[in-house]
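Spelled out from the first residue to the last, the chains are:
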Amino acid sequence: MLMFSAPVFAQENKTFDENDLHINWRLVTNHFDNQDQSQAILSITNQGKEVFPSTGWTIFFSYGRGILPDQTNGPFLVSHLNGDNYQCRTTGRIKDLNPGDSLWLSFVSYGQILNYTAAPNGFYIVWDSQPDKGFSIRNYTALPIRDTTVGFVSPADTYRKNRFIKDIHPEKLPLVFPTAVSESRASGEFLLDADVLIVTDPLFAPEADLLSETFHTIIGKPLKISQDSVMGKTISLKKIVLSEEAYKLDVQPDQIVISASEGAGIFYGIQSLRSAMPLTSGDKKPKQIRIPAMLIDDAPRFVHRGFMLDIARNFQPKAELLKVIDLMAMYKLNRLQLHFSDDEGWRIEIPALPELTEVGGRRGFTTDSHEFLPSSYGAGPEPGQKPASGFYTRNDFIEILKYATARHIMIIPEIESPGHSRAAIKAMDNRYRHFMELGDKTEAERYLLRDLNDQSIHSSAQQWTDNVMCVALPSTYHFLETVIDALRAMYLEAQAPLTTIHLGGDEVPEGTWEKSPLCNQLIAKNQEINSTDDLWYYYFDKMDEMLKQRHLTLSGWEEIAMRKTILNGAKHFIPNPGFADRGFRANVWNNGIGWGSEDLPYRLANAGYQVVLSCVSHLYFDLAYEKSPDEPGLYWGGFNDLNKPFDFIPFDYYKNTTENTDGNPVDSTLFIGRDRLTDYGKSNILGIQGQLWAENIRSTATLEYLLFPKMLALAERAWAPDPSWAGEKNHGKQQSLYQDAWSVFVNTVGRKELPRLSDYPGGAVLYRIPPVGAIIQDGTLIANIQIPGFDIRYTTDGTAPTIKSKMYSKPLTEKGKFTLCAFSKDGRKGRIISLINP
């Protein structure tokens, strides 16, 4: 809980304008005291005309790293409150700050600071005279990180990484993306214009409507639809016997035929037709489009082709979510897991429990979390400000469900439990207080989620100390039953499929429930529960029963399939044999390279669990693209550039894993002794899923930057057959095949898919443009880029390149400082690099 701690001397009236304060953060070292600790300095400068008082205030901020506890540095004390919330206050040993003067505060944190995402943010001040209100400090700057000791990626590193990429003409690239099982070109082309008719089997009428609307956005007119045979040029949607999501696409000069057994197959055939169409751009709609003749025979590799979007930590507007759904559908992804709740937010309206969104859907300055949640992740003091605050109404979600269902995407709702549940816990505390004030104890306790007398001490991975539901309380299950039934009702009204509910289940910290009287009473009277560790299995056994009564399967993160055991006197996690035959679906993320759990997904699949590969090593899209101080994103699990999801071999990802979570090289010896995936285990792999956690996603632009183009590599691995290089045993030949396939992929991305995203009808997708790679070799500057299709421009006068700067087209022999940058055709630019040709 946030506790406000005021200095001894209070300012009676607020006389200083906090907008006149300027705070700078600067990294000093990543090796403080020769340990894995970082030292930083905050400077506080009075840029106003009034004196800034020495006491009577506390400054709050968000910071995702652990600060060494209770550091007193001269006149300041920095203290951890809860989660990522910190406070800075004076010890009363400073003078008032005159105009133009500055104060400096040094503090030490665990781990290294490798990019600006890791810097503190969300600074605000609370005056003692107004202890219930915070005021944002808007003048804050995180100064550039300068550290030559941590091995940041250099332009030369990037160049060497790109050196085998070939430039491929668009006509030599595959016709459709993701790669089809079989495709062949034919002679001639189909001329598409407004006179073409769509002829459909009645079963595919919804897909015919979407196809007509698609061409409306492309040529400016919808195509007419008929369920009867007609003369003239047609696009026919026909029913034949194929596997559920398979399709055939036959483009001939006089007709196009898309055939499938189900609407999903027809829909994917339509996406392939769109993929094969030439690019159009500009406001003027073409009257006619030439589509090359072809024959495509295609089906997906995996039934689960998923993406998880965290909307709990930071909320995304409905329009952006619909855009993401559209883009998923374009690339044949079919499962969207929505992370609705966590410690920092509850994002879906449950009409019977309005407190969930009234309290759990808002963040701001609070000393007790009674009315809303604390200002985590840079939320600032004002509650109600997006993206920290916000939620989908019941009607919003029904609309989202209908939209996704029409595009053959099943939305999997995730309600985190029993850990990561602080938003729900505090919301139900609010409800409890309300009914206790009314004297209705029974109603107050109906949905209570914690043991009021629990004295357990624990801290979660995100440093929360009060974020776990009490699994001994009957009201906890009443709460979850109410939420689950409310969700089911929304799906029913939307006529959307619902086969599973994701209950989270991850990161319940050590020490939880140990001093809960209710939990200890349950242990004492239940012979099957021997310790607080066993409460975990008690909880998921009850939740499995609740879901099965509703014909639903239990999904969760990997911990739902794990059991603690004692090995050589220490606790270890093993696959839980007790739940292996329950049909649990486990999203397994923890295969961190170098952590010792590299084989965990395979161990669980081999043990009988249904596994969705959600591996941090390749599929966490919130991780920074590379080790650069200017790249946004986290890095606790490594760095995930575009090649990571492309390199992922689902049934043997050891084979193409080349770096650990620190970004350092590894070789195959790391995987000696690790479990391999058996044939039985392969049958339990449902598919793969990319994750985008939102702790640091404070805009739709950041979301799209981290998501694209990585989502394209995810789509390729989820849909396309295993590539030839994945099964090649000869290392030299495997590398040659891989480089050829990588060249085809990045050329397809750069020459076909990214231009398509730039011209996306719902608004250009703000994908990442890769930095230029460059070296100085024999007095000559040579540059390249990861994704062909971008223009490289440069300057030699120290200024930043613009769209009008010189174009790089061949090696440069000029001397001096070069500044280079890649530009897209619509004028956006990537990260700037500089190097000197002496």
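What you see is a predicted model; the values in this text were computed from it and never measured. (Residues numbered from 1 in each chain as written. Predicted model: local features only at pLDDT ≥ 70, side-chain atom pairs only at ≥ 80, totals over all residues. Heavy atoms only, no water.)

Looking now at the overall build of the chain. When its secondary structure is counted, the chain shows 19 helices and 35 strands. A compact globule built from 838 residues would reach a C-alpha radius of gyration of about 28 Å, and the chain, at 28 Å, matches this within 12%. Buried positions account for 58% of the 838 residues belonging to the chain. A total of about 33,400 Å² of accessible surface is found on the chain, and carbon and sulfur atoms cover 50% of it. Each charge class in the chain was averaged separately, 85 positive and 101 negative side chains, and the resulting centres sit 5 Å apart. (Helix = DSSP H or I, 4+ residues; strand = E, 2+ residues; numbered from the N terminus. Rg over C-alpha atoms; globule rule 2.2 N^0.38 Å. Buried < 20%, exposed > 50% of the residue type's maximum accessible area, 1.4 Å probe, protein only. Areas by Shrake-Rupley, 256 points an atom, 1.4 Å probe, with all protein chains shown as cover. Lys, Arg positive; Asp, Glu negative; His and termini not counted. Charge placed at Lys NZ, Arg CZ, Asp CG, Glu CD.)

The subject of this paragraph is the nonpolar core. In this structure, F397 and F479 are the most contacted members of the largest nonpolar core, which totals 188 residues. A per-element tally of this core places helix α9 (residues 474-494) first, with ten residues. Residues in contact with F479, not counting those within four places in the same chain, are W346, L353, L356, A424, M428, Y447, L449 and M469. The next biggest cluster of nonpolar side chains, apart from the first, holds 38 residues, and it includes L114, A119, F123 and I137. (Core = buried A, V, L, I, M, F, W, Y, C linked by side-chain atoms within 4.5 Å. Contact = heavy atoms within 4.5 Å.)

What characterises a pair of aromatic rings is the spacing of the ring centres plus the angle enclosed by the ring planes. Under the definition given, this model contains 46 aromatic pairs. Measuring from centroid to centroid gives 6.1 Å for F177 and F745, while their planes differ by 45°, and the two rings are tilted. On the criterion of sequence distance, the pair formed by F177 in the loop between α1 (155-162) and β11 (182-192) and F745 in helix α19 (residues 731-758) is long-range, its members being 568 residues apart. Here F177 and F745 have matching classes, each one buried. Ring geometry for Y620 against W693: centres 6.4 Å apart, planes inclined by 50°, an arrangement best described as tilted. (Phe/Tyr/Trp six-rings, centres within 6.5 Å; stacked < 30°, edge-to-face > 60°.)

Bringing the pattern of salt bridges into the picture now. Going through the model one piece at a time under the given rule, you end up with 46 salt bridges. The shortest N-O distance in the salt bridge between E659 and K644 comes to 3.2 Å. Placement of the pair is E659 in the loop between α14 (643-647) and α15 (679-683) and K644 in helix α14, with a sequence separation of 15 residues. Several salt bridges share partner residues, and in doing so they unite K161, E626, E631, D641, R768 and R831 into one network. (Salt bridge = Lys/Arg side-chain N within 4 Å of Asp/Glu carboxyl O.)

As judged from the four bridges shared by strand β12 (residues 197-200) and strand β14 (residues 234-239), these two strands associate in the parallel manner. For T200, the partnering residue across the bridge sits in β14 and is L237. The pairing of β14 with strand β16 (residues 255-260) spans six bridges and is classified as parallel. Across the sheet, the residue bridging to K239 is A260, located in β16. (Pairing = 2+ DSSP bridges.)

Looking now at helix α16 (residues 700-707). Within the span of α16, buried status applies to L703, E704, L706 and L707. Mapping the buried residues of α16 onto a view down its axis gives an arc of 165°, with all of them on the same face. Contacts from the buried residues of α16 go to β18 (304-310), α4 (318-330), β29 (685-692) and α17 (710-719). (Arc of directions from axis to C-beta.)

This paragraph deals with the sheet that holds strand β7 (residues 102-110). Ordered in space as β7-β2-β1-β10, the four strands form an open sheet in which the pairing is mixed. The open sheet has two free edges, formed respectively by β7 and β10 (140-142), since each of these has just one partner strand. This sheet shows a mean twist of 20° between the axes of neighbouring strands, independent of strand direction. With three bridges joining them, strand β1 (residues 21-29) and β10 adopt parallel strand pairing. Bridged to I23 within β10 is Y140. (Axes fitted to C-alpha atoms, helices over the stretch in contact; angles between N-to-C directions.)

Here the focus is the side chain of T795. The topology assignment puts T795 in strand β32 (residues 791-795). You can call T795 buried: its relative accessible area is 10%. Of note is the side chain of T795, whose polar atom sits 2.5 Å from the backbone oxygen of T799. (Polar contact = N/O pair within 3.5 Å; in protein donor to acceptor, adjacent residues only side chain to side chain.)

Let us now look at the packing of helix α10 (residues 517-525) against helix α11 (residues 532-548). α11 packs onto α10 with a crossing angle of 85° between their chain directions and a minimal axis gap of 11 Å. The angle between the axes of α10 and α11 places the two elements in the roughly perpendicular class. For the pair formed by α10 and α11, the contact residues are C519, L522 and I523 on the first element and T532, L535 and Y538 on the second. In terms of residue class, the contact of α10 with α11 is built from five nonpolar, one polar and no charged. (Parallel < 35°, antiparallel > 145°, perpendicular 65-115°, else oblique. Nonpolar A, V, L, I, M, F, W, Y, C, P; charged D, E, K, R; others polar.)

Pairing geometry for β1 and strand β2 (residues 37-46), over eight bridges, is antiparallel. Within β2, the position partnered with N24 by the bridge is S43.

Within the element layout of this structure, T780 appears in strand β31 (residues 780-784). Leaving out residues up to four positions away in the same chain, T780 has contacts with I775, P811, L812, T813 and N837.

In spatial order, the strands read β11-β17-β15-β16-β14-β12-β13; together these seven strands make up an open sheet with mixed pairing. Only two strands of the sheet have a single neighbouring strand rather than two, namely β11 and β13 (224-226). Adjacent strand axes in the sheet meet at a mean angle of 20°, parallel and antiparallel pairs treated alike.

With that out of the way, let us pick up unusual backbone geometry. F177 connects to P178 through a cis peptide bond whose omega is 0°. Following S417, the chain continues to P418 via a peptide bond in cis, the omega torsion being -10°. Of note, the phi angle at W513 is positive, near 70°, even though the residue is not glycine. Inspection of the secondary structure puts W513 in the loop between β23 (500-504) and α10. Of note, the phi angle at D778 is positive, near 55°, even though the residue is not glycine. Position of D778 relative to the elements: it lies in the loop between β30 (773-777) and β31. On the accessibility criterion, D778 (79% relative accessible area) is exposed.

On to α19. Between the first and last C-alpha of α19 there are 38 Å, a value that for 28 residues agrees with the 40 Å anticipated at 1.5 Å per step. Of all the bends in α19, the greatest measures close to 40° and is centred on V749. The N-capping residue of α19, defined by a side-chain oxygen 3.1 Å from the backbone nitrogen of G732, is N730. (Expected span 1.5 Å × (residues − 1). Bend = angle between axes of the 7 residues up to and from the residue.)

Glancing now at the environment of V616. Mapping V616 onto the fold places it in helix α13 (residues 616-619). Ignoring sequence-local partners within four residues, the contact set of V616 consists of W589, N591, G592, W595, L623, W636, G637 and N640.

Of the residues in the chain, 97% reach a pLDDT of 70 or more, and the chain-wide mean stands at 94. The low-confidence segment residues 1-12 (pLDDT under 50) makes 47 contacts with residues lying over four places distant or belonging to another chain. (pLDDT = per-residue confidence, 0-100.)

At a closest axis distance of 11 Å, the pairing of α4 and α16 adopts a crossing angle of 20°. In terms of orientation, α4 lies roughly parallel with respect to α16. Between α4 and α16 lies a crossing of right-handed hand. Within the contact between the two elements, α4 uses E320, K323 and V324 and α16 uses T700, L703 and E704. For the contact of α4 with α16, a count of residues per class yields two nonpolar, one polar and three charged. (Left-handed = near helix turned anticlockwise from the far one by under 90°.)

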